[in-house]
Amino acid sequence: METIEELKVHYRWSQEDDENIKRISWFGEKYKEDFIDKFYNYLENFKDTSKYLPDEKVRSRHKEKIKGWFVRLFKGGYDAQYLRSIYRIGEVHLKIGLPPHYVQASMGFVREYIHEKLSSELGCTPERDQVLASVNKALDINLDVMINSFREEELKLYLASGKYQRMMIENIRRVSWLFDFFIIITLSLVGLFLIVWIVYEFYMVLVGQLPLERGGLSILGSVLILYAISELLSEEIKHIRGGAVSIKAFVGVALAAVIRKVLIIS
Ligand code: HEM
C-alpha cells in the first residue's frame, strides 16, 4: 500500500487543498443527518442491500460509522492514521463480501451530493470550484484506498498460502476454465442441433406429415428450449468474465423443458 505522502504526491494534494477542505470543516456536521438519509435511500438501488445490511442493528451501526467518516472527511489534515482508518473500511467491506462496485458507485453519489450542497451554500463562485476540486481529490484518495485494500487483502490471502496450495489453486482454475469451455461448446452445439430440428419440424408441417396443431405446439416448445439455452450461454459468458451465475437461468431451462413436454402431450 502507498504511504499517505505518496498518495498526496500521486493525487497532487497540496497545502492549498488542505486549507480548502478546512475552510468547510463545518459542512460535515451540518449535513451529516441529511446525507445519511439520502445515502440510505440511494443504497436501496442495489438489489441486495438487505443482504449486507440485514437489520436495524447493523444499519444504525453503519449509519453512525458513515456519519463519522463524512464528518472526518471535511476536517482535512490527512495523516497515516486517517489512511489506516480508510483502509480498514475496505477490509470490513471485504470481510462481509461487499462487491467493490457498490462502493465505487456509492462514491459517485457522495460526490454529487456534496457538489449540490456546496453549490447551494457557496453559489457558482470560484471559491466553490476550488473547494470542490479539493473535495474531489479527497474522495478519489478515499476510493483508491478502500478499493485497494480489497485487492491487497485478496492478494495477501493468495500469497499467504504455501507453494503447493498456490499450485493447487492455479490448477483448479485451469480445470474450471476447461469445464466452462466444454459447457460453452456443448451448449452451442445443442443450440445448433435445435435450430436444425426446428427447421425439420417446419418441413414436417409443410409436407403434411405433422398435423398443423401438433406441429405448431412442438415448434413452440423447441423455440422455448432454444431461448433457454441462449440464456444459459449468456450466463456462462458472464461467469467467464468473472460475474456471478444466476441460478434463475437453470430454473428457466428446466421450466422450458417441462413446458415443451406439456405442449407435446396436450
Ligand atoms: C461511499 C461508500 C461507503 C462508505 C464511505 C462506507 C463506510 C463504512 C464504514 C466507515 C464502515 C465501518 C468500518 C469499521 O468498522 O471500521 C463500514 C462498514 C460496513 N459497510 Fe460501508 N461504506 C460504504 C458503502 C457501503 C455499501 C454500498 C454497503 C452495502 C450495500 C455497505 C455496507 C457496510 C456494512 C454491512 C458494514 C459493516 C457494518 C457493521 O457490521 O458494523 N457499505 N462502511
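It should be noted that the structure appears before, not after, this text.
Going along each chain's sequence as written, the residues are numbered from 1 onward. Where local features are concerned, this predicted model is filtered to residues with pLDDT of at least 70; where side-chain atom pairs are given and counted, the filter is 80 or more; whole-chain, interface and lining totals use all residues. For side-chain calculations, the full set of non-hydrogen atoms in the structure is used, while hydrogens and water are omitted.

**Q** When you look at the pattern of salt bridges in this model, what are you seeing that I'm missing?
**A** Oppositely charged side chains are able to pair whenever their charged atoms sit close together. The term salt bridge refers to a pairing of a side-chain nitrogen on Lys or Arg with a carboxyl oxygen on Asp or Glu at a separation within 4 Å. On inspection of all chains with the given rule, the structure shows 13 salt bridges. Residues Asp 18 and Lys 22 are paired through a salt bridge, measuring 3.0 Å at the closest nitrogen-oxygen approach. One end of the pair is Asp 18 and the other is Lys 22, both in helix H2 (residues 15-23) and four residues apart, which spans about a single turn. Residue burial is assigned from relative accessible area. The probe radius is 1.4 Å, only protein chains are included, and a residue is buried under 20% of its type maximum, exposed over 50%, and partly exposed in between. The class for Asp 18 is buried, based on a relative accessible area of 11%. Accessibility expressed as a relative area gives 43% for Lys 22, which makes it partly exposed. Members of the salt-bridge network, linked through shared partners, are Glu 33, Glu 64 and Lys 67. The way it works is that DSSP assigns letters per residue, a run of H or I at least four long becomes a helix, a run of E at least two long becomes a strand, and they are numbered from the N terminus.

**Q** I tried to follow the coordination of the iron atom of the ligand on my own but got confused; where do I start?
**A** For Na, K and Ca the donor cut-off is 3.2 Å, while for other metals it is 2.8 Å, and in both cases only N, O and S atoms qualify; water is not among them, so sites may look incomplete. Within the protein, His 62 (NE2) and His 93 (NE2) serve as the donor atoms for the iron atom of the ligand, at 2.2 to 2.4 Å. Each label reflects the angles at the metal, where four donors whose angles all fall between 85 and 135 degrees are tetrahedral, four or six donors whose opposite pairs open beyond 155 degrees and whose other angles stay between 65 and 115 are square planar or octahedral respectively, and the rest are irregular. For the iron atom of the ligand, the six donor atoms in the first shell make angles of 78 to 179° at the metal, a pattern classed as octahedral. Of this pair, His 62 sits in helix H5 (residues 56-73) while His 93 sits in helix H6 (residues 80-95); the two residues are 31 residues apart in sequence, bridging distant segments of the chain. The exposure class assigned to His 93 is buried, which follows from its relative accessible area of 13%.

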